[in-house]
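# Results of the structural survey
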Amino acid sequence: GEVYAGSYLKAALFFGAEAAMWGIALSYDKQGGDLTDEYKQYANLYWSATRYTDWTLSHLGSLNPDLTTYANDYRDLIYPDDAPPCDPPFSCVDWQELNTMERDIANGRLNGYTHTLPYYGEQQYYELIGKYEQFSRGWDDSGVLNPELENNVPIRSTSSRFFEYAKMRARANDKYDVASTVVSLAVVNHVLSAIDAFWSVSKLNKAMHASMRVKMERSPFGSVPVTTANFRYDF
């Protein structure tokens, strides 16, 4: 539209801005993806669903004294093949039974067990293990064998990996946030360029006038219709 209206400079500016914005957005999105791969690899190396489960089982009575199911009963359900520990994707864990135990622990108690562990590999899985103290006991430097409770609530984790992992996720999310913001700006640029192009073309078309008519003219063969076209441009 800008080129049609003869606004070559504006056409170049709008096009250049859009190309630059998409380039920046793709770059930051790729950086976010690379950082996401890094923190997922970090989690797979140092966080364990079985370590988290074992800590919970060891402190079951303190977390919720009202439970009527014993730790060994939960253990038999969560580890049906009795084969912990296991590596990602933690095939030795019955995830539904683990989530059932977490809900039972949370029932009627303010003990810090506010979430159930999402299935391995899900986006929420990688988010929660670095966000809530409840899951900090799954890190390999969390000291899972020592009681870490105060008033039946797990105290703040001393795991350095828990906090380092949270920083890694924050860096990745920052890159994604920049990419998302730049994409939004590109859309705004797109809309503004369309509006301006529409205005420029409308202004050009209003200045141009064209008309066509048919008139009869004499010829050796008698009167014949002749089509005429008239063009005018107002400056």
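Since the model is a prediction, treat every value here as computed from it, not as a measurement.

Rules of the game
Residues numbered from 1 in each chain as written. Predicted model: local features only at pLDDT ≥ 70, side-chain atom pairs only at ≥ 80, totals over all residues. Heavy atoms only, no water. Phe/Tyr/Trp six-rings, centres within 6.5 Å; stacked < 30°, edge-to-face > 60°. Buried < 20%, exposed > 50% of the residue type's maximum accessible area, 1.4 Å probe, protein only. Disulfide = S-S within 2.5 Å. Axes fitted to C-alpha atoms, helices over the stretch in contact; angles between N-to-C directions. Helix = DSSP H or I, 4+ residues; strand = E, 2+ residues; numbered from the N terminus. Parallel < 35°, antiparallel > 145°, perpendicular 65-115°, else oblique. Contact = heavy atoms within 4.5 Å. Nonpolar A, V, L, I, M, F, W, Y, C, P; charged D, E, K, R; others polar.

Counted by the stated rule, this structure contains 16 aromatic pairs. Here the aromatic rings of phenylalanine 90 and tryptophan 95 are separated by 6.4 Å at their centres, their planes lie at 40 degrees, and the arrangement is tilted. Residue class for phenylalanine 90 comes out buried when judged on its relative accessible area of 2%. Pairing tryptophan 139 with tyrosine 165 gives two aromatic rings, centres 5.0 Å apart and planes at 50 degrees, and the pair type is tilted.

Time to look at the state of the cysteines. Per the counting criterion, the structure on display carries one disulfide. Residue cysteine 86 pairs covalently with cysteine 92 via a disulfide, S to S 2.1 Å. In this structure the cystine formed by cysteine 86 and cysteine 92 twists about its S-S bond by roughly -70 degrees; its chirality is therefore left-handed.

Before going further, it helps to examine the packing of helix α4 (residues 71–78) against helix α5 (residues 95–106). As a packed pair, α4 and α5 sit with axes 8 Å apart at the nearest point and diverge in direction by 150 degrees. Judged on the interaxial angle alone, α5 and α4 are roughly antiparallel. When α4 is examined against α5, the residues Tyr74, Leu77 and Ile78 are found in contact with a partner set consisting of Glu97, Leu98, Met101 and Asp104. Classifying every residue of the contact of α4 with α5 by side-chain character gives five nonpolar, no polar and two charged.

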